[in-house]
Amino acid sequence: MTRLISGLVLALAALVAIWFLPTFALRLLVAAVAALGAREVLTILRAGDLRPAPWLAMAFTAGSSLAMGDVAARYNIVVLAGLGVMLIEVLARGNGLAAAGAVVGGAIWVGVPLGLLARVHDIGGPSAVLLLLGTVVVSDSSQYYTGRLLGRHLLAPTVSPKKTIEGALGGVVFGT
């Protein structure tokens, strides 16, 4: 029940932010959410004995999301900044390439899609973002329920043992 209530509160907060915040404020909020996402990625990395600098990962993730404002011009900035982060991790902090790559990869995995979501808001407005998010929610829910109801053939048992081909097809059909 706690998950449901917190999920509804977060969904309402996201809806209000998407609909009412001006672009600049929404970008800053997205950068903050990206930095928090980086913190979660770091928790996973620490379980695997990697010790990247939290401040560096969070800053690079937030910066990666902010850089997506003008996508074509900013990919180069993210790549160059990522190389700089790797140099700091390896040369200044004495970490291996695995920790450095995890920081950069995790930052791009979290920060860039969130930044692009803010870019969709810039281009298409709040309704375009809500359509995109609604499609993802419908597809994800359809995958789950179709897989539970009809799922017989495993999609990738070593990666995700409960995902089925039927569930994936249900997500494509209902998401479309």
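All of these numbers come straight from a predicted model, not from anything done at the bench.

Conventions used here
Residues numbered from 1 in each chain as written. Predicted model: local features only at pLDDT ≥ 70, side-chain atom pairs only at ≥ 80, totals over all residues. Heavy atoms only, no water. Axes fitted to C-alpha atoms, helices over the stretch in contact; angles between N-to-C directions. Helix = DSSP H or I, 4+ residues; strand = E, 2+ residues; numbered from the N terminus. Parallel < 35°, antiparallel > 145°, perpendicular 65-115°, else oblique. Contact = heavy atoms within 4.5 Å. Nonpolar A, V, L, I, M, F, W, Y, C, P; charged D, E, K, R; others polar. Core = buried A, V, L, I, M, F, W, Y, C linked by side-chain atoms within 4.5 Å. Buried < 20%, exposed > 50% of the residue type's maximum accessible area, 1.4 Å probe, protein only. Salt bridge = Lys/Arg side-chain N within 4 Å of Asp/Glu carboxyl O.

### Focus: the packing of helix α5 (residues 97-124) against helix α6 (residues 126-150)
- Two numbers describe how α5 lies on α6: the axes approach to 6 Å, and their chain directions differ by 135°. Relative to α6, α5 is oriented oblique. Residues Leu117, Val120, His121 and Gly124 of α5 lie in contact with α6, whose contacting residues are Pro126, Ser127, Ala128, Val129, Leu132 and Leu133.
- Partitioned by chemical class, the residues of the contact of α5 with α6 number seven nonpolar, three polar and no charged.

### Quick word on the environment of leucine 36
- Summarising the element assignment, leucine 36 is placed in helix α2 (residues 23-47).
- With 17 residues separating them in the primary sequence, leucine 36 and tryptophan 19 have C-alpha atoms 22 Å apart.

### Description of the nonpolar core
- Residues Leu45, Phe60, Met68, Val78 and Val85 are the most contacted members of the largest nonpolar core, which totals 18 residues.
- Counting residues per element, the ones that place at least two in this core are α2, α3 (54-66), α4 (71-92) and α5.
- By residue number, the principal contributor to this core is α5, which donates six residues.

### Overview of the pattern of salt bridges
- Applying the stated criterion across every chain, the model contains three salt bridges.
- The salt bridge partner of arginine 27 is aspartate 122, with a shortest N-O separation of 2.7 Å. One end of the pair, arginine 27, is in helix α2; the other, aspartate 122, is in helix α5, with 95 residues separating them in the sequence.
- Ionic pairing is found between arginine 119 and aspartate 122, a salt bridge with its closest N-O pair at 3.9 Å. One end of the pair is arginine 119 and the other is aspartate 122, both in helix α5 and three residues apart, which spans about a single turn.
- Ionic contacts of the salt-bridge type, sharing partners, join the residues Arg27, Arg119 and Asp122 into one network.

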